[in-house]
Amino acid sequence: MNVRDFRSGWLVAGVTLNIVGVALLSGCGSQQDDASTETDALSERAREVAKVWDDSAGAASYREGYYPMAETTQLPVGGFRTEGDKRAYNNRNIVLAGELPNGESENGDVQWSGGGSATLPLVSASDSYERLSGPKSDGPSRLTVTGAKLGKMEVITSRGPATVSAWLFSLEGYDTPLKQAAVATSKVPGSPIKPDRSIAGYPLNRIASVSRDTRSVSVVALHGSCDDGVEVDVWETEASVVMASTVKNSGGNGNCTKQAKMQRVTVPLKSPLEGRAILDARTARPVPYKG
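Residues numbered from 1 in each chain as written. Predicted model: local features only at pLDDT ≥ 70, side-chain atom pairs only at ≥ 80, totals over all residues. Heavy atoms only, no water.

**Some points on the side chain of Asp85**
Test applied: Runs of E in the DSSP output that reach at least two residues are strands. Runs of H or I that reach at least four are helices, and both are numbered from the N terminus. Burial status follows relative accessibility: with a 1.4 Å probe on protein chains alone, a residue under 20% of its type maximum counts as buried, one over 50% as exposed, and anything between as partly exposed. Positive charges come from Lys and Arg, negative ones from Asp and Glu, while His and the chain ends are left out of the count. The salt bridge criterion pairs a side-chain nitrogen of Lys or Arg with a carboxyl oxygen of Asp or Glu, the two atoms within 4 Å. Polar contacts here mean pairs of N or O atoms no more than 3.5 Å apart (in protein, one a potential hydrogen donor and the other a potential acceptor; neighbouring residues in sequence count only if both atoms are side-chain atoms). Note on contacts: a residue pair is in contact if any heavy atoms of the two residues lie within 4.5 Å.
With respect to the helices and strands, the residue Asp85 is situated in helix H3 (residues 83-90). Buried charge without a salt bridge: Asp85, with Arg81 as the nearest opposite-charge side chain at an N-O distance of 4.1 Å. Within the structure, Asp85 has its side chain in polar contact with the side chain of Tyr174 (distance 2.5 Å). Sequence-distant contacts of Asp85, defined by excluding residues within four places in its chain, comprise Phe80, Arg142, Leu143 and Tyr174.

**Topic: the pairing of strand S5 (residues 107-112)**
Rule in force here: In this scheme, strands are said to pair when DSSP sees at least two bridges between them.
Of the two faces of S5, the one lined by Gly108, Val110 and Trp112 is fully buried and the one lined by Asn107, Asp109 and Gln111 carries no buried residue. One ladder, built from five bridges, connects S5 with strand S6 (residues 117-121); its direction is antiparallel. For Val110, the partnering residue across the bridge sits in S6 and is Ala118. Hairpin remark: S5 followed by S6, antiparallel, with four residues in the connecting loop; positive phi at Gly115, about 110°. The pairing of S5 with strand S8 (residues 160-171) spans three bridges and is classified as antiparallel. Following the sheet pairing, Gln111 is matched in S8 by Thr163.

**Digging into helix H2 (residues 57-64)**
Filter applied, for reference: It is the directions from the helix axis to the C-beta atoms whose arc is reported.
Along H2, the positions that sit buried rather than exposed are Gly58, Ala59 and Tyr62. Buried residues in H2, looked at end-on, bunch into an arc of 100°, giving them a common side. Projecting away from the buried face of H2 at angles above 90 degrees are the exposed residues Ala57 and Glu64.

**Comments concerning unusual backbone geometry**
Of note, the phi angle at Thr214 is positive, near 55°, even though the residue is not glycine. Here Thr214 shows up in the loop between strand S10 (206-210) and strand S11 (216-224). Of note, the phi angle at Glu274 is positive, near 50°, even though the residue is not glycine. Mapping Glu274 onto the fold places it in the loop between strand S14 (260-268) and strand S15 (277-280). On the basis of relative accessibility, which here comes to 53%, the residue Glu274 falls in the exposed class.

**Considering the packing of aromatic side chains**
Under the convention used in this document: When two rings of Phe, Tyr or Trp (its six-membered ring) have centres within 6.5 Å they constitute a pair, described as stacked for plane angles under 30 degrees, edge-to-face for angles over 60, and tilted for the intermediate range. Lysine NZ or arginine CZ positioned within 6 Å of the ring centre and within 35 degrees of the ring normal marks a charge as sitting over the ring.
Counted by the stated rule, this structure contains four aromatic pairs. Taking 6.5 Å as the distance between ring centres and 75° as the angle between the ring planes, the aromatic pair formed by Trp53 and Tyr62 counts as edge-to-face. Centre to centre, the rings of Phe80 and Tyr89 are 5.2 Å apart; their planes meet at 45°, and the pair counts as tilted. By relative accessible area, which is 9% here, Phe80 ends up buried. An aromatic cluster of at least three residues, connected via ring pairs, comprises Trp53, Tyr62 and Tyr67. Directly above the ring of Tyr174 sits Arg81, whose terminal nitrogen or CZ lies 4.5 Å from the centroid. Cation over ring: Arg159 sits above Trp112, and NZ or CZ is 3.6 Å from the ring centre.

**Thoughts on the pattern of salt bridges**
Tallied over the entire structure, the rule returns six salt bridges. Of the charged contacts in the structure, one is a salt bridge between Lys152 and Asp109, with a shortest N-O distance of 3.8 Å. Of the two residues, Lys152 sits in strand S7 (residues 143-157) while Asp109 sits in strand S5, which places them 43 residues apart along the sequence. On the accessibility criterion, Asp109 (31% relative accessible area) is partly exposed. For Glu154, the salt bridge goes to Arg212, with nearest N and O atoms at 2.8 Å. One end of the pair, Glu154, is in strand S7; the other, Arg212, is in the loop between S10 and S11, and 58 residues separate them in sequence.

Worth remembering: the numbers are spatial, not functional.
Encoded structure:
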């Protein structure tokens, strides 16, 4: 196993994304160990997680799977024409005028640009449409789907860019379609190592995005309302990328409230993902992509 140095790999996006209005923190710094002690514990934990994961069947299964790491919906070329159309899309106020294809192939295709392919279950046109639409309103802001056909689109995955089967939905008033990936995501393998709840801090919340060359990953991490934010350390091996977030200056700098904030952090990698799983050191599980 080729192990690379555990290093600080943080480039903070510069803004706090959101405040979670729940009592996740019992007080500023009260749940944080001494910074150096915590870093040592996380370093040792990352080594342990990487070793157990890399030697497991789950690592091989994950490397061969289809795991989107970017949006699987693409807007019409040029985006939406009006604020009303944008609002309708964001509110899922999409209506169907016409019929959707029925009886298409039960399988979809994935072709990775770096080589390799997979045949996976195809999400039906009706199920794909239901993912886009939602409760309808009587307001003027709505999008109308007039039909759909099976086509292709590019999706960034844990193995790099891939061309996948997609439903191309025709929209009233638009010359180009709204695309929705139509391939079922592979099942995420379970972790062969149990979570470690003895290490202070919080697991990573989610993956926000992965660059097209998969050499950088943006993750969302939790921190307190009176510290200086988070940084993310990364431990890379040939089969995994283990990440752990730590809080900067958890001693507090002002009045502290019992809230947690979410911060987006961009982590550069020494090499492309190429099917490696992004694991959280504390939970030992693959960090989910949630856009």
